[in-house]
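Structure at a glance
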Amino acid sequence: MMKKTVIEKIWENHVVSREEGKPDLLYIDLHLVHEVTSPQAFEGLRMNGRRVRRPDLTYATMDHNVPTINRHIVNDPISKTQMQTLEQNCREFGIELADIDHPDQGIVHVIGPQLGLTQPGKTIVCGDSHTSTHGAFGALAFGIGTSEVEHVLATQTIWQKQPKTLQIKVNGKLGFGVQSKDIILAIIAKFGVNAGTGYVMEFTGEAIRALSMEQRMTICNMSIEAGARAGLVSPDMTTVEYLRGRRYAPQGEEFEEAAKRWLALATDEGATYDKTLEIDAADIEPQMTWGTNPSMGSGISGFVPSPDEFDREADKESVRLALDYMGLEAGTRLTDISVDYVFIGSCTNSRLSDLRAAAEVARGRKVQDHVTAIVVPGSQTVKQQAEAEGLDKIFTEAGFQWRESGCSMCLAMNDDVVPPGKRCASTSNRNFEGRQGNGARTHLVSPSMAAAAAVMGRFTDVRELAGVNQ
Amino acid sequence: MEPINQFTGVVCPINRANIDTDQIIPKQFLKRIERQGFGQFVFYNWRFDDDGNKREDFILNDPKFADAEILVAGENFGCGSSREHAPWALLDYGFRIIIAPSYADIFYNNSVKNGILAVKLTDEEVKTLLGRASVPGFKLHINLEEQSVTDDSGFTAYFDIDPYWKKMLLNGWDEISVTLSAEERIRQFEEKVYGKQYS
């Protein structure tokens, strides 16, 4: 029998129609919806008298615009309209919605896994590029545009050209104080922001197998930052045990049956990929970005580079523009860069284990006076779990603000904005110009590195802080 | 969407790589619930300063490039967020054609679905065009049927495009109608997988 990758197996199971000279028509098992990229899609359905084909496979929440303090005071009337529009659309088309008052509300890529909606072998789409997060379960999950959202609502299918496969093998074991965020940042720094364009990535290797589901989600989340629409990890017992007992997962005997099917989806021994890239976990130190795209970063022991260090003309120019925007001098030691804001949150790093890692560093320390630090749990459930463990107390006693769940300062669509010229240590996924606010300067780091920056007032190698036990 | 085949227009060069969708349309403009009207916000933070005044040094604010309908830019154009507001904004502003060495996957899909032709040329060809287009009024002729890009002084380049996307752009198809015309296959798939009919 032909050896197949998990990517090929999932693909084959979902082809509705295949014709020469056309992309395949793929069936979609789960369509996640949020308030920003859906209104025009629902409007399109209405204009054409179309219905939602499978409301039972569609699940909505509001996350991008929601306030993280004063939950019910949405200052921006346009944000408010967008949230109300989602409510109306869900009511009209019969779609389940976790709205602002719902106990399941949260960032769409946090709640899908948490509720057990995300499962191995599923095809999952959402009008959001970080849908790749769900790939951690061995699902084929990718972001789509609003036209495609409308197409999936109307037909439960999508036209897709079969992607090439790219294996990213992370060999060996991670060192002390190094988190899964550091793995993905190191991968992007090494291979570039378009290494995965046209591919679906599968993360393999000893270091990936050793990760928890939440850590795998952080890695798959940022596949898109390496150019790949989807990134995934073959299902294993870690995957199965995470899903056991979750509300939308199969229950009892059915779960055991499903678990067998899920495990069989893993990439076959000896299957081949179109391309393989490798990296050694032992070489990865805590990472930090210095520029304006996620590949512009290095280990924390590094320095801000000079444009002259790059060979290609386009890279020299990009680095020059980046340093200018970031207000950085070439040759500056990364640990000499000070911070004004710290954001712990986003679909990359707002899960319970992320908050625990940050709290471990914050415990008994104080946020520096010149630093504003906020912690935004990924969902209401994460918030409650964290509070039950007393993490909120650790953060607030250290001087961090403890907020309600949402996308928040990752993209600053609500009131959580980094002011112009201010520098932010952020656990999010994009350090683009203006992402966290017009003129804001973003440095991407792991949760424990972000907490370390908050308490030291500058970027710091978290391994140097005593009491870090990871 | 509007079909497209032969197109001639003035070119605007933006010599930057990795132009992300946050630059094409910043997040504060994603709150509208319509598809129209995003053109006024395209490249907002490059076009306007913090007080909303035009930045004179940005090419789109140069009146000599006001009529541009073809955008030439560096590699990995449209990376980042999946926001379709990016092609909506480019189209609404007046760009029907984009030329770059490479595109992010989601942006490329989103463009096709809005009738924008995103042409892939080699690094060298794009470099040539970036140079020539720095002279205001420089025009290019695009022929989708022939998959060619030409100017009036001897530049000719041919580009690859997936035959399915090509057909969609040439015909201006509404993809949902195309899919629903084959709804029977979706029904059969659902019958097989779910043992049930949904329509």
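Residues numbered from 1 in each chain as written. Chains lettered and ligands numbered in written order. Predicted model: local features only at pLDDT ≥ 70, side-chain atom pairs only at ≥ 80, totals over all residues. Heavy atoms only, no water.

**Some thoughts on the interface of chain A and chain B**
Counting from both sides, the interface comprises 71 residues of chain A and, opposite them, 52 residues of chain B. Interface of chain A and chain B: buried area, both sides summed, is about 5,100 Å²; carbon and sulfur atoms make up 51% of it. Taken together, the connections running from chain A to chain B amount to 12 salt bridges. R54 of chain A serves as the salt-bridge partner of E190 of chain B, at 4.0 Å between the closest nitrogen and oxygen. The interface formed by chain A and chain B contains 36 residue pairs in polar contact (both at pLDDT 80 or more). Counting only elements with at least two residues in the side of chain A that touches chain B, the list comes to α1 (6-14), β1 (15-17), β2 (24-27), α2 (39-47), α3 (77-93), α5 (146-155), β8 (157-160) and α11 (313-326) of chain A. Among the elements that take part in the side of chain A that touches chain B, α5 of chain A stands out by supplying 7 residues, more than any other. For the side of chain A that touches chain B, the class distribution of residues is 22 nonpolar, 31 polar and 18 charged. (Contact = heavy atoms within 4.5 Å. Buried area = accessible area lost by both parts, 1.4 Å probe. Salt bridge = Lys/Arg side-chain N within 4 Å of Asp/Glu carboxyl O. Polar contact = N/O pair within 3.5 Å; in protein donor to acceptor, adjacent residues only side chain to side chain. Helix = DSSP H or I, 4+ residues; strand = E, 2+ residues; numbered from the N terminus. Nonpolar A, V, L, I, M, F, W, Y, C, P; charged D, E, K, R; others polar.)

**Some remarks on unusual backbone geometry**
Residue and element names in this part refer to chain A. A positive phi angle, close to 45°, is found at N70, a residue other than glycine. For N70, the location among the structural elements is in the loop between β4 (58-61) and α3. Here the phi dihedral of S346 falls at roughly 85°; this positive angle occurs in a residue that is not glycine. With respect to the helices and strands, S346 occurs in the loop between β15 (341-344) and α12 (352-362).

**A short note on helix α14 (residues 391-398) of chain A**
Residue and element names in this part refer to chain A. Of the residues making up α14, those classed as buried are L391, D392, I394, F395 and A398. Buried residues in α14, looked at end-on, bunch into an arc of 160°, giving them a common side. In this fold, the buried residues of α14 make contact with α12, β16 (372-375), α13 (380-388) and β17 (401-402). In the stretch just after α14, G399 is the one whose phi turns positive, near 100°. (Buried < 20%, exposed > 50% of the residue type's maximum accessible area, 1.4 Å probe, protein only. Arc of directions from axis to C-beta.)

**Side note on the domain arrangement of chain A**
Residue and element names in this part refer to chain A. Along its sequence, chain A is carved into domain 1 (1-285) and domain 2 (287-464). Each of domain 1 and domain 2 has a C-alpha centre, and the two are 24 Å apart. The partner domain 2 presents 48 residues to the 45 residues of domain 1 that form the contact. In this assembly, domain 1 packs against domain 2 so that about 3,600 Å² is buried in total across both faces, 53% of it on carbon and sulfur atoms. Applying the counting criterion to the domain 1 and domain 2 interface returns 2 salt bridges. A salt bridge links E285 to R463, with the nearest nitrogen and oxygen atoms 3.2 Å apart. Applying the counting rule to domain 1 against domain 2 returns 31 residue pairs in polar contact (both at pLDDT 80 or more). Broken down by secondary-structure element, the contributors of at least two residues to the side of domain 1 that touches domain 2 are α3, α4 (108-115), α6 (180-191) and α8 (213-221). With 6 residues, the single largest contributor to the side of domain 1 that touches domain 2 is α6. Of the residues assigned to the side of domain 1 that touches domain 2, the class counts are 18 nonpolar, 19 polar and 8 charged. (Domains from an automatic or database assignment.)

**Thoughts on the environment of E256 of chain A**
All names here are of chain A. Here E256 lies in helix α10 (residues 252-264). For the pair E256 and V240, spaced 16 residues apart in sequence, the C-alpha to C-alpha distance is 9.2 Å. Only 2.8 Å separates the side chain of E256 from the side chain of R244, close enough to count as a polar contact.

**Here we look at the pairing of strand β5 (residues 139-143) of chain B**
Residues and elements named next belong to chain B. For strand β1 (residues 6-14) and β5, the ladder comprises 5 bridges, and the chain directions are antiparallel. Looking across to β5, one finds that F7 is bridged to I142. Counted along the chain from β5 to the antiparallel partner strand β6 (residues 148-150), the turn is 4 residues long, and its residue Q147 has a positive phi close to 55°. (Pairing = 2+ DSSP bridges.)

**A word on the sheet that holds strand β10 (residues 199-204) of chain A**
All names here are of chain A. Pairing within the open sheet is parallel, and its 4 strands lie in the order β11-β10-β9-β12. Each edge of the open sheet is held by one strand with a lone partner, namely β11 (230-232) and β12 (275-280). Going across the sheet, the axis of each strand differs from the next one's by a mean of 20°, ignoring polarity. Sheet analysis places strand β9 (residues 164-171) next to β10, joined by 6 bridges and oriented parallel. Directly across from K164, in β10, lies its bridge partner Y199. Together, β9, β10 and β12 form the strand contacts of α6, whose direction differs from that of β12 by roughly 120°. (Axes fitted to C-alpha atoms, helices over the stretch in contact; angles between N-to-C directions.)

**Thoughts on the state of the cysteines**
All names here are of chain A. In total, this model carries 0 disulfides over all chains according to the counting rule given. The closest cysteine sulfur to the non-disulfide-bonded C220 is located on C347, 12 Å from its own sulfur. Classification of C220 by relative accessible area gives buried; the value is 0%. With no disulfide of its own, C347 lies closest to C410 among cysteine sulfurs, the gap being 6.0 Å. With relative accessibility at 8%, the residue C347 sits in the buried group. (Disulfide = S-S within 2.5 Å.)

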